[in-house]
Each structure stands twice: as C-alpha cells, then as structure tokens.
Amino acid sequence: MLILWMVLIVMSVAVMPIDPRWGLSLLWGFSVCLLPAVCFTWYAFRYRGARVVIASVKMFYRAETVKFFLTAILFAVVFHHADKISTAVFFLAFVAAQIASWLVSAMTIKPGSGK
C-alpha cells in the first residue's frame, strides 16, 4: 500500500505544473484513501501467531477504528479547503485509489492458500 501511495503521489506531483488545482486534488484524493489504509495495515498486523489471537483481533478492531477516524478527519480537512481543489477530480482520485488498493490486495493474496 505504501508503494502504491508513493507512485500515485509522484503522478499527482507530475500533474501539478500542468494544472495545480488538479494536481492538489489528485494528491488529496489519493492520500485520503491510502493513508488510512497504510495506517490500518501497520496497526492491525502487529501481532502474529496462534498464541496472540485475542490480542490480534482486538488490534484489528482498533486499527479499523483508527482508519475510520483518520479518513473522517482527512475528509474534513479537504472540505474545509474545498475552494482550492476540484471536488470532481478529488472524488475520482479517491475512487481510483480505492480500486487500486483492492487490486493490490487481491494480487497479494495467493490463489489456493485456503486449501
């Protein structure tokens, strides 16, 4: 997820000289989607193994809570500065980052690992 976020940031920075408003919208759209996902991944998978199952489940729920609140805060920040961005480009970037993160997650799951 972190690598995907960095690649998308480079893409949005490349758009900035062409249209700063669109570049900023892309940057915020990608970041609002992927930063909470990166935090969730880091926070949720700290514990591994059968001996720490209960701690692992609790950490998973805490990570989801942190992700939710971080996403809400980032949306509030973006909408506070809505006059500086293009909201259509922001939402398209958010959706594109969400789909890209789903694809990355799906590709990292090995087929047949549930056998």
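Here's what I pulled together on the structure shown here. Within each chain, residue numbers correspond to sequence positions counted from 1 in written order. Given that this is a predicted model, residues contribute local features only at a pLDDT of at least 70 and side-chain atom pairs are listed and counted only at 80 or more, while totals for whole chains, interfaces and linings are drawn from all residues. As a convention, hydrogens and water are excluded, and side-chain values are obtained from all of the structure's heavy atoms.

As for the state of the cysteines
Inference 1: For the purposes of this analysis, a disulfide is any pair of cysteine sulfur atoms at a distance within 2.5 Å. As enumerated under the stated definition, the model contains zero disulfides in all.
Inference 2: Unpaired in terms of disulfides, Cys33 finds its nearest cysteine sulfur in Cys39, a separation of 12 Å.

Details of a nonpolar patch on the surface
Inference 1: Candidates for patches are residues over 30% relative accessible area with no salt bridge; among them, like charges are joined within 9 Å and nonpolar side chains (Val, Leu, Ile, Met, Phe, Trp, Tyr) within 5 Å. Note that accessible areas follow from Shrake-Rupley with a 1.4 Å probe, and for residues the cover is restricted to the protein chains shown. Salt bridges are defined by distance alone: a side-chain nitrogen of Lys or Arg within 4 Å of a carboxyl oxygen of Asp or Glu. Side chains of Phe45, Val53, Val57, Phe60 and Tyr61 sit close together on the surface and give an oily, nonpolar patch of about 480 Å² of accessible area.
Inference 2: For Val53, the position within the fold is in helix α3 (residues 53-80).
Inference 3: Exposure categories follow from relative accessible area, calculated using a 1.4 Å probe and restricted to protein chains: below 20% of the type maximum is buried, above 50% is exposed, and the middle band is partly exposed. Since its relative accessible area comes to 43%, Val53 is described here as partly exposed. Think of it this way: any DSSP run of H or I at least four residues long counts as a helix, any run of E at least two long counts as a strand, and we number them from the N terminus.

Regarding the packing of helix α2 (residues 20-44) against helix α4 (residues 87-108)
Inference 1: Contact geometry for α2 and α4: axes closest at 7 Å, N-to-C directions at 40°. Classified by the angle their axes make, α2 and α4 are oblique. In this structure, the crossing between α2 and α4 has a hand that is right-handed. Side by side, α2 and α4 meet where Trp22, Ser25, Leu26, Trp28, Gly29, Phe30, Val32, Cys33 and Leu34 of the first sit next to Val89, Phe90, Ala93, Phe94, Ala97, Gln98 and Ser101 of the second.
Inference 2: Throughout this entry, Asp, Glu, Lys and Arg are counted as charged residues, while Ala, Val, Leu, Ile, Met, Phe, Trp, Tyr, Cys and Pro are counted as nonpolar. The remaining residues, Gly among them, count as polar. Per-class residue counts for the contact of α2 with α4 are twelve nonpolar, four polar and no charged. Here an angle of 0 to 180 degrees is reported between the N-to-C directions of two axes, which are lines fitted to C-alpha atoms, with helices fitted over the stretch in contact. Note on terminology: angles under 35 degrees are roughly parallel, angles over 145 are roughly antiparallel, angles of 65 to 115 are roughly perpendicular, and the others are oblique. Crossing handedness is defined as follows: a turn of the near helix away from the far one that is anticlockwise and smaller than a right angle gives a left-handed crossing, while the clockwise case is right-handed. Should any heavy atoms of two residues lie within 4.5 Å, those residues are counted as being in contact.

Quick word on the packing of aromatic side chains
Inference 1: Any two rings among Phe, Tyr and Trp, with Trp reduced to its six-membered ring, count as a pair given centres within 6.5 Å; such a pair is stacked if its planes are under 30 degrees apart, edge-to-face if over 60, and tilted if neither. This structure, assessed with the given rule, holds ten aromatic pairs.
Inference 2: Seen from their ring centres, Phe75 and Phe90 are 5.7 Å apart, and the 90° between their planes marks the pair as edge-to-face. Placement of the pair is Phe75 in helix α3 and Phe90 in helix α4, with a sequence separation of 15 residues. One exposure class covers both Phe75 and Phe90, and it is buried.
Inference 3: Grouped by ring-pair contacts, the aromatic residues Phe75, Phe79, Phe90, Phe91 and Phe94 constitute a single cluster.
Inference 4: Think of it as a cone above the ring: NZ of Lys or CZ of Arg counts as a charge over the ring if it is within 6 Å of the ring centre and within 35 degrees of the ring normal. The ring centre of Phe40 lies 5.6 Å from the NZ or CZ of Lys67, which sits over that ring.

A look at the nonpolar core
Buried together is how nonpolar side chains tend to be arranged in soluble globular proteins.
Inference 1: Among buried residues, those of type Ala, Val, Leu, Ile, Met, Phe, Trp, Tyr and Cys that are joined through side-chain atoms within 4.5 Å constitute a nonpolar core. Judged by nonpolar contacts, the single largest core of 19 residues is most densely connected at Leu8, Phe30, Val32, Leu34, Phe90 and Ala97.
Inference 2: Sorting the residues of this core by element identifies α1 (2-15), α2, α3 and α4 as the ones contributing at least two each.
Inference 3: For Phe30, the contacting residues outside a window of four places in its chain are Trp5, Leu8, Met11, Ser12, Leu35, Ala93 and Ala97.

Function cannot be inferred from these measures alone, as they are strictly geometric.
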